[in-house]
Amino acid sequence: MTGTGAGTASRHLLGSTVATMALATLSALVASGNDAVSAFDGNARAFADRAFGTLAGSWFGADGPADTVGSALLGAGMLTVLGLLLCRRRPGAAMWVLAGLTVQFAAEKALEALVGRPMPPPVDGTLPPPGYSFPSGHMASATLILMVLLVVLRTSTPVWWLWVGLGSTLVAAVGVSRVLADAHHAVDVVGGVLLGLVVGFAVAWRVDVRSLDISGKETW
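Residues numbered from 1 in each chain as written. Predicted model: local features only at pLDDT ≥ 70, side-chain atom pairs only at ≥ 80, totals over all residues. Heavy atoms only, no water.

Undergrad: Even after reading the chapter, I still don't get the side chain of His184, so can you show me in this structure?
TA: Positionally, His184 belongs in the loop between helix H6 (158–180) and helix H7 (186–207). A relative accessible area of 8% places His184 in the buried class. At 2.6 Å, the side chain of His184 forms a polar contact with the backbone oxygen of Ser133. Setting aside anything within four residues of it in sequence, one finds His184 in contact with Pro120, Ser133, Pro135, Ser136, Gly137, Arg178, Val179 and Val189. (Helix = DSSP H or I, 4+ residues; strand = E, 2+ residues; numbered from the N terminus. Buried < 20%, exposed > 50% of the residue type's maximum accessible area, 1.4 Å probe, protein only. Polar contact = N/O pair within 3.5 Å; in protein donor to acceptor, adjacent residues only side chain to side chain. Contact = heavy atoms within 4.5 Å.)

Undergrad: Looking at this structure, I do not really get the confidence of the model for the protein. What am I missing?
TA: Close reading of the predicted structure is inappropriate where its pLDDT is low. Per-residue confidence for the protein gives a mean pLDDT of 81, with 81% of residues at or over 70. Long-range and interchain partners of residues 212–216, a stretch whose pLDDT sits below 50, account for 5 contacts in this model, where long-range means more than four residues apart. (pLDDT = per-residue confidence, 0-100.)

Undergrad: I would appreciate a short explanation of a nonpolar patch on the surface in the present structure.
TA: A contiguous nonpolar patch, built from Val159, Leu162, Trp163 and Leu166 and spanning about 370 Å² of accessible area, is present on the exposed surface. Secondary-structure assignment places Leu166 in helix H6. (Patch = residues over 30% accessible without salt bridge, like charges linked within 9 Å, V, L, I, M, F, W, Y side chains within 5 Å. Areas by Shrake-Rupley, 256 points an atom, 1.4 Å probe, with all protein chains shown as cover. Salt bridge = Lys/Arg side-chain N within 4 Å of Asp/Glu carboxyl O.)

Undergrad: Before we go on, may I ask you to explain the nonpolar core in this structure?
TA: Taken as a class, soluble globular proteins show a tendency for nonpolar side chains to be buried jointly. Counting residues in each nonpolar core, the largest one holds 41 residues, and the members touching the most others are Leu23, Val30, Val81, Leu85, Val97, Phe134 and Val148. At the level of elements, helix H1 (3–31), helix H3 (65–87), helix H4 (91–115), helix H5 (137–152), H6 and H7 are the ones that each hand at least two residues to this core. (Core = buried A, V, L, I, M, F, W, Y, C linked by side-chain atoms within 4.5 Å.)

Given below as structure tokens:
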């Protein structure tokens with residue numbers, strides 16, 4: 001590996017390590033029922049209610065438009081990244097993205113069982129669906145996809161910053177949709193971002209052009 005490639009790997013490893021530590025800390029707080037977690041969730045939900053209206057708006061609730069839009073945005077992001085990689089003749093990088101999403105899904109399920117946080121109760125007073133809510137898999141996937149997208153499109157022009165803004169807006173929209181759909185608490189969304197960073201740093205390193213071998217070919 002070249003000096004540049006080694007430096008890139010070190011930065012990505014550091015980022016993944018920091019994200020892992022933050023995720024472990026947050027998971028412990030959620031599992032212990034920390035009051036600060038509950039306060040954060042309550043304040044975030046109150047802000048969402050003020051910004052988007054109350055339950056009377058048909059966007060709220062499981063399987064409502066907010067839920068559908070969030071999933072659609074995530075799907076569009078995935079297809080965009082995979083399409084870009086394939087158009088640039090980098091099938092190996094596309095496989096790394098799919099592998100990263102698989103690892104992220106497995107880690108998400110393990111954390112759900114370990115933390116054991118119930119799904120948020122719907123604001124209409126009905127019983128929450130079965131299952132666990134921490135962390136948000138949608139947010140983990142969206143964060144991972146955004147990291148890969150920014151690496152693939154890296155450039156010094158303002159166009160790259162435009163992609164940063166659009167991608168960040170998409171990730172934020174997915175997060176808001178999960179709260180409005182009563183699919184996750186706000187802290188679950190933060191946990192999803194951290195999980196996406198843990199896996200995303202590793203995947204981003206593998207698709208980074210600076211990590212290619214000296215001949216410019218993809219390395220597995």
